[in-house]
Amino acid sequence: MEQGKILIAEDNDLNRETLAQLLAEDGYKIKTVVDGREGIEAFLEDKFDLVITDLRMPNVDGLEFLKYIKQTNRDNLVIMITGHGTINSAVEAMQLGAFDFITKPIKDDLVKLSVNRAISFAKLRSENISLKEHLKEKQTFDKLIGYSDCMKKVFDTIEKVSSSDSTILIEGESGTGKELVARAIHFKSDRNCQPMIAVNCGAIPEDLLESELFGHEKGAFTGAIRNRMGRFELAQGGTIFLDEIGDMSPALQVKVLRVIQEKQFERIGGIKTINADVRIIAATNQNLEKAVAEKRFREDLFYRINVIPIHLPALRERGSDILILANHFLMNFNKLKKKNVKRIANEAVTYLKQYPWPGNVRELQNLIEMIVVMKEEGEICVEDLPPKFHNIQKTRENSSNIDITDEGINFNDYVNQFEKNLLMKALKMSGGVKNRAAKLLSLNRTTLVEKLKRLDIGDGWVE
Ligand SMILES: Nc1ncnc2c1ncn2[C@@H]1O[C@H](COP(=O)(O)OP(=O)(O)OP(=O)(O)O)[C@@H](O)[C@H]1O
Ligand SMILES: [Mg+2]
């Protein structure tokens, strides 16, 4: 591993070479110069983690060189070498911002110590800076964006409910920002110094979810080889985010209901009752009321979690946000990927606005990332958009070519004909295999079959 790059400015040949050799042994990359003037030149040409400079040198002396360095790059570290009887200059050097000074005659171990200290300091500082930058980047990514009326309402609700401990239910299609909203609520709440723990109830197999949520004691079931805390315990004092709560089994729904009502639970196989000081935010992309009506979701739990409902509209319902979000992602990805893709051309904006965005904000974010990765600079134009955007546009253009005569036309006939054409085309492409045709049109197979029947498209196609 490279240790760091050091510039040594010293007019005395013996001292300079000894110092260079000593530090090269420790793995540092060394550049040597014979006075301050050469030092300035080297400093302008290259980047150094540390500069070691003698005080008394011809042309430009050590103090002048130090001043130059500090004016050019305040953070660059400098160690000053001072001779006998120049203690005042050493003090001056420190006042001017030198990191340390070494007195002559040079002692090997003292030099090494001072250099190591300086280099570790420089490394720590640069790590710290990049960490801060990373955090800043993350924060800009985590920012909730939206100016449409419906999003303003959502922001309003977030402001109002954050400080309360009420349970919140966030509903919305996939990719509409449910998790981002949950995080915003947590970070605006008094619990923000404690963790927010997310559990995706739909992604964890049913038999594991209970132990994930509540933890278990050693020996509670086969495979429980040690005690384990569940997510409710890990979220103590903070927030638990129960994502896709609609997918939770009825047996677990009862247990979660108890935590909400009694604020208590036990680990699986445990006898100790644990108090749950946890705020619950749940999210779903299902219609939970319908799930209640169909007896897939407990009514009592629904009312307990639905204390404050937040509905996140689909992206297609907030057209005015599309461009704002696209530009926000463009700016972020430019920064992240060090690109310079300037703007979205007007025609491309029209395409973006006409697209139905089934994957919502996540789909838009992925699209902009893909384009920024593929492009270096210039504008985002229609050619950069995938075929599905062009298809939508074609459909629009085709339908706008239909003339409505004075006698009027039969709307249903036209629509039926259009659907029929699409279905026939997809069936042809899939060699008549209905499953494949349904996939091509993003339809369920049953929906496709229903349509074929309704539109009287003859059978004889392969199953
Ligand atoms: N209003 C917004 N402003 C900025 N970024 C957003 C916004 N809404 C969503 N995003 C971004 O879109 C992506 C999807 O958001 P998130 O994961 O919160 O959606 P979700 O509703 O939880 O989706 P799923 O149901 O698929 O889990 C994230 O990267 C998020 O940062
Ligand atoms: Mg989510």
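Figured I'd write up the structure that's included with this text. (Residues numbered from 1 in each chain as written. Chains lettered and ligands numbered in written order. Predicted model: local features only at pLDDT ≥ 70, side-chain atom pairs only at ≥ 80, totals over all residues.)

## Details of the packing of helix H13 (residues 319-337) against helix H15 (residues 360-374)
Relative orientation of the contacting elements H13 and H15 amounts to 45 degrees, with a least axis distance of 9 Å. Relative to H15, H13 is oriented oblique. In this structure, H13 meets H15 at a crossing whose hand is right-handed. Residues Ile322, Leu325, Ala326, Phe329, Leu330, Phe333, Asn334 and Lys337 of H13 pack against Val361, Leu364, Gln365, Ile368, Glu369, Val372 and Val373 of H15. Of the residues contributing to the contact of H13 with H15, the split by class is eleven nonpolar, two polar and two charged. (Axes fitted to C-alpha atoms, helices over the stretch in contact; angles between N-to-C directions. Helix = DSSP H or I, 4+ residues; strand = E, 2+ residues; numbered from the N terminus. Parallel < 35°, antiparallel > 145°, perpendicular 65-115°, else oblique. Left-handed = near helix turned anticlockwise from the far one by under 90°. Contact = placed C-beta atoms within 7 Å. Nonpolar A, V, L, I, M, F, W, Y, C, P; charged D, E, K, R; others polar.)

## Looking at the site of ligand 1
Taken together, 16 residues sit near ligand 1, with Ser174, Gly177, Lys178, Glu179 and Val361 positioned nearest. Of all the secondary structure elements, the ones that give two or more residues to the shell around ligand 1 are helix H7 (178-188) and H15. Class assignment for the residues of the shell around ligand 1 results in five nonpolar, eight polar and three charged. Lining the shell around ligand 1 are residues from two domains, each supplying at least three of them: domain 2 (163-312) and domain 3 (316-400). (Near = placed C-beta within 6 Å. Domains from an automatic or database assignment.)

## Re the nonpolar core
One finds Ile170, Phe232, Ile240, Phe241, Leu242, Ile281 and Ala282 to be the most contacted residues of the largest nonpolar core, which totals 36 residues. Ranked by the residues each element gives to this core, the list is headed by strand E13 (residues 279-284), at four residues. In this view, phenylalanine 241 contacts Glu179, Ala182, Met196, Ile197, Ala198, Val199 and Ile281; residues no more than four positions away in its chain are not counted. In this structure, Leu7, Ile52, Val78 and Ile79 belong to the second largest nonpolar core, which totals 30 residues. (Core = buried A, V, L, I, M, F, W, Y, C linked by C-beta atoms within 7 Å. Buried ≥ 20, exposed ≤ 12 C-beta atoms within 10 Å, placed from the backbone.)

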